[in-house]
Amino acid sequence: MKEKAFFYAKNLIQKFDSMEVNASFECEKASMTSIVGSSGSGKSTLLRLICGLNKADPKQELFLDGIDINKLPPSRRQTGLVFQSNCLFNHLTVEDNVAYGLISNGVKRKDARKEARDFLKYFELEGFEKRYPETLSGGEAQRVSLARTLIMKPKLVLFDEPLSALDAPLRKKLALLIKKLQKDFGFTGIMVTHDINEAKSMSDQIILLEKGQIIWQGLAEAFREELLPSH
């Protein structure tokens, strides 16, 4: 499996007092996979294991584009993470927020800022360069967060409920933007969401997680509401 899959994860294991998360799956290149399930089922834990924020089990295996990333630090895994809250630096302008990763990687500040300004057009944020996060709406701030992640050209982007804090019209608009950006930049995406309709409209593959275990996995078009566990 790992020889063929663009992204391959085996034995994503995390033990809690109440349950054990244990999942294995793979994703095709430039595809979007949604992980759905009830609150507390372990969805966000999988993302944290993939990007290296949680300690890996000795059995865990992770391959991205043929490279074993399992023991690499988060900064070298070529993954990006977009949270539910935008997590912007309030003391930095939009421009400097987006340029932050480039500067951290050794790009000269002047060059990083220019690249950030040019990059903001993809997110309908021209003219926002000198604004601060506190002046932005929820949708604007989340677009800046997306820009800050994607400017680093990650091969894999992890979305942890990126739309859940927005109202319905903004959710739809940002969902369409994410689909367009994926087409433009060609990244592979894994998105945690509690919204089944959102998952079906945005994804190629859906993984249904319950009590830390995968209970269904398949094409988004094959997912049916009756697959959801009743509580």
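Please refer to the structure higher up on the page.
Residues numbered from 1 in each chain as written. Predicted model: local features only at pLDDT ≥ 70, side-chain atom pairs only at ≥ 80, totals over all residues. Heavy atoms only, no water.

J.: Before we move on, could you go through the pattern of salt bridges and cite the residues and values that matter?
T.: Scanning all chains against the criterion turns up 12 salt bridges. Of the charged contacts, one joins Arg-117 and Glu-95 as a salt bridge, the two residues approaching to 3.1 Å between their closest N and O atoms. Of the two residues, Arg-117 sits in helix H3 (residues 109-119) while Glu-95 sits in helix H2 (residues 94-104), which places them 22 residues apart along the sequence. You can call Arg-117 partly exposed: its relative accessible area is 36%. Classification of Glu-95 by relative accessible area gives buried; the value is 0%. A salt bridge links Glu-95 to Lys-130, with the nearest nitrogen and oxygen atoms 2.9 Å apart. One end of the pair, Glu-95, is in helix H2; the other, Lys-130, is in the loop between H3 and helix H4 (138-150), with 35 residues separating them in the sequence. Here Lys-130 falls in the exposed class, since its relative accessible area comes to 57%. One salt-bridge network, in which partners are shared between bridges, spans Glu-95, Asp-96, Arg-113, Arg-117 and Lys-130. (Salt bridge = Lys/Arg side-chain N within 4 Å of Asp/Glu carboxyl O. Helix = DSSP H or I, 4+ residues; strand = E, 2+ residues; numbered from the N terminus. Buried < 20%, exposed > 50% of the residue type's maximum accessible area, 1.4 Å probe, protein only.)

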